Each structure stands twice: as C-alpha cells, then as structure tokens.
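Observations on chain architecture
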Amino acid sequence: MMTPQNIFDPKHYEGVRKPLLEAETMPAFTYTSPEFYQREVERIWRKTWNFIGSADQIRNNGDYFTLNFAGMPIIVLRDHDGKIRAFANTCRHRGSELLEGKGNCKLIICPYHSWTYDLSGNLRGTPEMDKTLNFNKADYGLISIAIDTWGNFLFINFDKNPEPLKKHLGDLPEKLAPYRLENMALARRKSFQMDCNWKLFVENAKESYHIGTVHRATINQYASAKAAGYWVEKATGDYVVTFAQHEGSMALLKGAKGFPTIESLEGRREAGGTYAPLIYPSTYLACTIDCAWYLEMHPISANKTYMVHGALFPRDRLDRPDFGEVAKNYYHRWDVTIEEDILASVRQQRGLETPFAPPGRFSHREPLVHEIDNWILDRVIDG
Ligand code: FES
Ligand SMILES: [Fe+2]
C-alpha cells in the first residue's frame, strides 16, 4: 500500500478496528513513516508514564544516570535526601547538556560556563552574572520531569499534569504482589540497538504464534503455544497480561540449572507458570517461578529502537556463592532468544519498507497484537 497523502485519516484504519478474526493488520506506513512516529511521540510518549528501569541504578545519594527518551534528554538522580528526581538534561544558561552517562555527583556543574545546580535542581553558582540586570537565580532552576516509582521500578512522565502512576498501573501491582518484585535486585542490564519500529518488538513480545518458528530450537521446547497455553487475563489499568502454564522456569533453557522457586509463590498457581504483562505503551515484564525480567524500550525514530533488558532475582540470590555461575544459564537463555526476536523484528521492518506491503490478517493467537495496535490508534488517530 503506497503511503497515502493524509496518513491520519481514520479510513486507513478501518480494517484494524474490526474484531480480531475479521481485522487487518496495521498499515505498513505506521511502522515506517517519520510523521506517524512523530505523532506517537506527541500523543503517547509525552503523555504517558514511561518505564525507565530500576532504582537499583541509583542506590546511593548523588547517583545519577542520563538517557535520551524519544528525543528528550533527561537526568535521573537520587538527591541528598534520598529523593529520586528527574530533570531535563539542559542548562538554563544557554542550553548545554549537563551530564553524560552515569555516575555520582555532589553538584551538577555545567561543562560550558560552570553554572552549578544542587541535586534538587536549584541554581546555586553563576560565575560573573552579577552585572546582569533583573537576574534571579531562583527563576533558573533545572526543569523537573515527573517521576514516580512502583517498588523499585522508575517511571517518568513528560506531561505537566500527569495522571497518577497508580491509575496507569491499575490492579497490576496487586496481581504481581506474590512475586515480591520490590525485593528483587537488578542483577544485569544489557542494551540492544534495534533497526526496527518499537511497535514490532512490542507486538512480538505479546504473541505466542511465533514461538514454534522463531524459537524452534530454544524456548519452544517447553513454552510452545500449544504446550504452555497462554491465557489473556482481565486487566484493570493501562496494560495487558497473559499467564502461561508450563514446566520449570521460563527464564531457562530446558535442563539448565537454576535457582529455587521464589518462596512466596509456594503452593500458588504462579509456581507453575509465568505472568507477562505489557504495560502500555511498551514495557514488557515477565515474572516466572524463580526470577523476573523486563524489556525497557526507548523509541529513537520510526525504524530505530533502543532496548534494555533487565534481569531481576530475589536479592538474597545474589549472595549465593554459585550466583555468578547459575545466573549465566539465565543470561544465556535471554541473550539467545532476544537475538531471535530482534532478528524477526528487523526482518519484518525490512519487509514493511516497501510500497508493496498491503495489510495482512491475524490468527487467533494474536489477540494482544490487535489490542495493542488499537490502543495506539485510540491515541494517534482522531475520531
Ligand atoms: S550553557 Fe551552561 S553555563 Fe553556559
Ligand atoms: Fe519471542
């Protein structure tokens, strides 16, 4: 389908709006058009709560990290009182980026002309500004970005009056309470540059149809769509969730040595499967019998996405003498299957970058792809 003149005309999406088994897939240009991407930035990323990883990245006062989220550079830090804060990473003098990477600091000193801010964002030092008329430091503090937490999980919101994070998450914290995610440590962060639209990877994460093909030699051995059964459960909040029933841990390849089942799951249904929500717009989280992991997505452009995989284990597992050795089995499982999924998504992106890619149809195993696509259209398309 050639990219039409007005890509936001609702008539292009009538096929996606139909019920699953009558519906068409999203038009190819929604994955390739810079204009469509820009609309997502304005109406989704700048409006909603965006997951940006674990507070384990900033455990001590003064710890900070920086990131560029959908074109918005920010600083996330823990101030001198232990409070977590986020600021636009831009100096109030002439706009230099202030911090890079991650680290620990007592003050934020601009690398251009040394304006200095404290960790609460107040402007403190302004060399040679004493002759400037009507200049009041109090008016030039760093620009705050809303940040909130669920357990150790950090979320930012670029909206000036964001809805409460609690409302966004709905009943998800309650549903996942048995896993005691707040007691889990971030054991490893690994990032990936992906040459695909963010939606392709998100859709992939929430359908089991591809497991038999893409993960034929890996997780399909115990988590095939047929063997595991993937139930979509009711969600109250901005997320969708499946529960898959299967043997062992979803985070290990068959036969690999792992850690014991999370103690708080004993005797519960959760001890025999995996809960995997997708928190809108793009955060995949999986909670299995012995650990959890997340996929944190940072959109970069229509065909580029930066992704971080975070590995979470109950904190006391990290004290085990065999932690490093056993954790390798998990890392191997994740690394292999993530590469399989990235390759599938990148191939799909290449296949969509053509005027000869009309919409397709869904199988009954892709209800959440359809639901996610419609959630996006609800925000991006008027009427
Ligand atoms: S731009 Fe930061 S001090 Fe000049
Ligand atoms: Fe996959």
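Residues numbered from 1 in each chain as written. Chains lettered and ligands numbered in written order. Predicted model: local features only at pLDDT ≥ 70, side-chain atom pairs only at ≥ 80, totals over all residues. Heavy atoms only, no water.

1. Focus on the coordination of the iron ion (ligand 2)
Surrounding the iron ion (ligand 2) are the protein donor atoms His210 (NE2), His215 (NE2), Asp341 (OD) and Asp341 (OD), at 2.1 to 2.5 Å. Linear spacing of the donor residues for the iron ion (ligand 2) on their chain is H-x4-H-x125-D. Pair noted here: His210 is in the loop between α6 (198-205) and α7 (211-214) and Asp341 is in helix α10 (residues 323-352), with a separation of 131 residues, a long-range link. Residue classification places His210 among the buried positions, given a relative accessible area of 12%. (Donors = N, O, S within 2.8 Å, 3.2 Å for Na, K, Ca; no water. Helix = DSSP H or I, 4+ residues; strand = E, 2+ residues; numbered from the N terminus. Buried < 20%, exposed > 50% of the residue type's maximum accessible area, 1.4 Å probe, protein only.)

2. Notes on the nonpolar core
Ile52, Val76, Met307, Phe313, Tyr330 and Trp334 are the most contacted members of the largest nonpolar core, which totals 82 residues. If we ignore the near neighbours within four places in the chain, the residues touching Val76 are Ile52, Ile58, Asp63, Tyr64, Phe65, Leu67, Ile84, Arg85, Ala86, Ile147 and Leu154. Counting residues in each nonpolar core, the second largest holds 25 residues, with Trp150, Leu165, Leu181 and Leu285 among its members. (Core = buried A, V, L, I, M, F, W, Y, C linked by side-chain atoms within 4.5 Å. Contact = heavy atoms within 4.5 Å.)

3. Notes on the pattern of salt bridges
Inspection of every chain in the model, using the stated rule, returns 19 salt bridges. A salt bridge links Asp378 to Arg17; the shortest N-O distance between them is 2.9 Å. Here Asp378, found in helix α11 (residues 367-380), pairs with Arg17, found in helix α1 (residues 14-17); they are 361 residues apart in sequence, far enough to count as distant. Overall, Arg17 belongs to the partly exposed group, its relative accessible area being 35%. Taking the shortest distance from any N to any O, the salt bridge between Asp159 and Lys47 comes out at 3.5 Å. Taken together, the residues span a long stretch of sequence, with Asp159 in the loop between β10 (153-157) and α4 (165-169) and Lys47 in the loop between α3 (34-45) and β1 (50-54) at a distance of 112 residues. Accessibility expressed as a relative area gives 21% for Asp159, which makes it partly exposed. Through salt bridges with shared partners, one network takes in Lys175, Glu233 and Arg269. (Salt bridge = Lys/Arg side-chain N within 4 Å of Asp/Glu carboxyl O.)

4. Structural notes on the packing of α3 against α11
Between α3 and α11, the least distance of the axes is 9 Å, while the angle of their chain directions is 80°. Relative to α11, α3 is oriented roughly perpendicular. Residues Phe36, Arg39, Glu40, Arg43 and Ile44 of α3 pack against Trp375, Ile376, Leu377, Arg379 and Val380 of α11. Classifying every residue of the contact of α3 with α11 gives six nonpolar, no polar and four charged. (Axes fitted to C-alpha atoms, helices over the stretch in contact; angles between N-to-C directions. Parallel < 35°, antiparallel > 145°, perpendicular 65-115°, else oblique. Nonpolar A, V, L, I, M, F, W, Y, C, P; charged D, E, K, R; others polar.)

5. What to know about the pairing of strand β3 (residues 72-78)
Counting buried positions along β3 gives six out of seven residues, so the element sits mostly inside the fold. Bridging between strand β2 (residues 63-69) and β3 involves six bridges; their strand directions are antiparallel. Looking at β3, one finds that Phe69 is bridged to Met72. Where β2 hands over to β3, the hairpin turn is made up of two residues, of which Ala70 adopts a positive phi near 50°. Pairing geometry for β3 and strand β4 (residues 84-88), over five bridges, is antiparallel. When the bridges of β4 are listed, Leu77 appears paired with Arg85. Between β3 and β4, which follow one another and run antiparallel, lie five residues, and Gly82 among them has a positive phi close to 85°. (Pairing = 2+ DSSP bridges.)

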